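# Descriptive structure summary
Now for the letters of each chain:
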Amino acid sequence: MEASSYHTPVLLNEVLAYLITRTDGVYVDGTLGGGGHAEAVLNRIGPDARLIGIDADEDAILSAGRRLAPFSSRVTLIQSYASELNAILERTGVSSVSGILLDLGVSSHQFDAIERGFSFRADERLDMRMDRRQELSAATVLNTYDEAQLAQILWEYGEEKHSRRLAKLIVQRRLQRPLGTTGDLAALVEQVAGPKHRIKSLARVFQAIRIEVNDELSRLKRVLADGIAVLAPGGRLVVIAYHSLEDRIVKETFRSASASRVRSGHPLLPDTPLTPTLRVLTTKPVEPSETEIESNPRARSAKLRAAERI
Ligand SMILES: C[S@@+](CC[C@H](N)C(=O)[O-])C[C@H]1O[C@@H](n2cnc3c(N)ncnc32)[C@H](O)[C@@H]1O
């Protein structure tokens, strides 16, 4: 897989401006992808700095490895979920870091690689695993979860309004024959959504199943909590989210880590003081310009939030 099948890094200048506070620190790219952001970071930081690049996907590690080869003495690449940050840093002998970048979701490479089953635009095996060493795949979710679990996932992770009907159809359909391909799933979505809302429903349903397969939201919560804890004072956490479920988690985590008190909610009871660990640098999320979206449509839904460790 060539690095060229990964597209331009999203919000690149903004990422560099928020992330890099010193040129001799340790930086973590927790969602390495094709290594576009990582390469730009390495070009900015000095010869004494180090970058730890993490991705759950082996293709990304291989592709980024080729791209980052000129920096190999300063780079450590690890195939893992970023939620394993603590264990990874312990293994690499790092106790605190200057910056952590998370550019969430799937890469354009993963969407376009037909055999990965992330896209409804091709009829492929129902896979959707970022880490192909794990057992749980889209096929397992769709063929073994019960109807209530499926409805819940479609509703919570896809905000799909036909969640109950679709869950029922999936269970009826698999009694005849297990769902095997993305086309099998797409055909059922089309039955409930109607032609006008077809594409939106397909996107929502595929997103929901993908989030479940990769346990994306729990993993995000974990890497944010552990990431804040390992940042050195003045270190930065920069996160790009592509849908509201992820962005809400980032916003809430930043808000509670930067709060200086917990409101009692009662007029006679005092608020409880807290020691904040973060200072939020983006009161509103930073979004790409029209020009960036035109040249890189993948950037369309991106929302960047950044915070600094106190
Ligand atoms: C949007 S792409 C990153 C693109 C990258 N910033 C670049 O410049 O090429 C997201 C990548 O993060 C990986 N990923 C998503 N969530 C992850 C997680 N929790 N842990 C590790 N990798 C993750 C995906 O496998 C994918 O390769």
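Residues numbered from 1 in each chain as written. Predicted model: local features only at pLDDT ≥ 70, side-chain atom pairs only at ≥ 80, totals over all residues.

Further remarks concern helix α7 (residues 147–158). Since there are 3.6 residues in each turn of an α-helix, residues three or four apart along the chain are aligned in direction. The first and last C-alpha atoms of α7 sit 16 Å apart over 12 residues, in line with the 16 Å expected at 1.5 Å per residue. The set of residues buried in α7 consists of L150, A151, I153, L154, Y157 and G158. Trailing α7 by a residue or two, E159 shows a phi angle of about 50°, which is positive. (Helix = DSSP H or I, 4+ residues; strand = E, 2+ residues; numbered from the N terminus. Expected span 1.5 Å × (residues − 1). Buried ≥ 20, exposed ≤ 12 C-beta atoms within 10 Å, placed from the backbone.)

Here we come to the site of the ligand. The full set close to the ligand counts 24 residues, and T31, G33, G36, A82 and D103 are the nearest of them. Mapped onto the shell around the ligand, the elements with two or more residues apiece are α2 (36–44) and β2 (50–55). For the shell around the ligand, the class distribution of residues is 10 nonpolar, 10 polar and four charged. (Near = placed C-beta within 6 Å. Nonpolar A, V, L, I, M, F, W, Y, C, P; charged D, E, K, R; others polar.)

Once that is clear, we can look at the domain arrangement of the protein chain. Domain assignment breaks the protein chain into domain 1 (3–109 + 216–309) and domain 2 (119–214). Using C-alpha coordinates to define each centre, domain 1 is positioned 29 Å away from domain 2. Contacts between the two partners involve nine residues from domain 1, matched on the other side by eight residues from domain 2. Across the side of domain 1 that touches domain 2, the residue classes tally to five nonpolar, one polar and three charged. (Domains from an automatic or database assignment. Contact = placed C-beta atoms within 7 Å.)

A word on the sheet that holds strand β3 (residues 75–79). With mixed pairing, the seven strands of this open sheet are ordered in space as β3-β2-β1-β4-β5-β9-β8. Looking at which strands have only one partner, the edges of the open sheet turn out to be β3 and β8 (278–280). Strand-to-strand, the axes of this sheet are offset by a mean angle of 15°, without reference to chain direction. By the bridge criterion, six bridges tie strand β4 (residues 97–103) to strand β5 (residues 231–241) in an arrangement that is parallel. Within β5, the position partnered with L102 by the bridge is V239. (Pairing = 2+ DSSP bridges. Axes fitted to C-alpha atoms, helices over the stretch in contact; angles between N-to-C directions.)

Turning our attention to the pairing of β2. The buried fraction of β2 amounts to six of the six residues, a majority that puts the element mostly inside the structure. Every second residue of β2 is oriented toward a common face, with R50, I52 and I54 on one face and L51, G53 and D55 on the other, all of them buried. Alignment of strand β1 (residues 26–29) against β2, held across four bridges, turns out to be parallel. Bridge pairing in β2 links Y27 to L51. In this region the chain leaves β1, passes through α2 and returns to the parallel neighbour β2; the handedness of that crossover is right-handed. Sheet topology places β2 next to β3; five bridges connect them, and they run parallel. (Right-handed = clockwise from strand over helix to strand, strands pointing away.)

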